[in-house]
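Overview (structure and organization)
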Amino acid sequence: MLPGLWQLPKKMQESIEEQATRETIDAINEKTPIGREKLGLVQMLLALARNISQKNAKGTAIAHEVTAYNELLQSLIGDDDSTDETEDAMSFAEIINAVD
């Protein structure tokens, strides 16, 4: 886990889906640092996690959101054969602060 991950200010209490998404993003970032060009994907993943949680609480169908979430997650992970760690890689705290 990246330092400061859970000390980031939160606008509202996070759901377990959002917490799991933050942990997933952290794990991806540890394996291959996330560059600035993927900040939008990080923001969309967190927003989708929040949306999925809210719809689950209401008993609303979430299949579309889960599909979009999985596609975005795969885009964030990228090509497994790629080991390019760019100079623009940011800490997780920087990523979240940039999209919050």
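Our subject in this report is the structure included herewith. Because the structure is predicted, anything quoted here is derived from the model rather than measured. (Residues numbered from 1 in each chain as written. Predicted model: local features only at pLDDT ≥ 70, side-chain atom pairs only at ≥ 80, totals over all residues. Heavy atoms only, no water.)

**Some words on the overall build of the protein chain**
Looking only at helices and strands, one finds four helices and zero strands in the protein chain. Secondary structure elements in the protein chain, listed N-terminal to C-terminal, are α-α-α-α. In the protein chain, the proportion of contacts linking residues at least 24 apart, taken out of those at least 6 apart, comes to 74%. Surface summary for the protein chain: the accessible area is close to 6,200 Å², and the carbon and sulfur share equals 50%. (Helix = DSSP H or I, 4+ residues; strand = E, 2+ residues; numbered from the N terminus. Contact = heavy atoms within 4.5 Å. Areas by Shrake-Rupley, 256 points an atom, 1.4 Å probe, with all protein chains shown as cover.)

**Digging into the pattern of salt bridges**
Using the criterion set out here, one finds three salt bridges in the structure. A salt bridge links Arg22 to Glu14; its shortest N-O distance comes to 2.3 Å. What makes Arg22 buried here is its relative accessible area of 4%. A residue is classified by how much of its surface remains accessible, and Glu14, at 10% relative accessible area, is buried. Taking the shortest distance from any N to any O, the salt bridge between Arg50 and Glu18 comes out at 3.0 Å. Placement of Arg50 in helix α2 (residues 39-58) and of Glu18 in helix α1 (residues 16-31) is noted, with a sequence separation of 32 residues between them. Of the residues examined, Arg50 reaches a relative accessible area of 29% and is grouped as partly exposed. Accessibility expressed as a relative area gives 4% for Glu18, which makes it buried. (Salt bridge = Lys/Arg side-chain N within 4 Å of Asp/Glu carboxyl O. Buried < 20%, exposed > 50% of the residue type's maximum accessible area, 1.4 Å probe, protein only.)

**Examining the nonpolar core**
If you look at soluble globular proteins, the nonpolar side chains tend to sit buried side by side. If you look at the biggest cluster of nonpolar residues, it comprises 15 residues, and the most contacted ones within it are Ile25, Ile34, Val42, Leu45, Tyr69 and Leu76. Put simply, the parts of the chain that give this core at least two residues each are α1, α2 and α3 (63-77). Looking at which element gives the most residues to this core, the answer is α2, with seven residues. (Core = buried A, V, L, I, M, F, W, Y, C linked by side-chain atoms within 4.5 Å.)

By themselves, these observations are geometric and do not establish any function.
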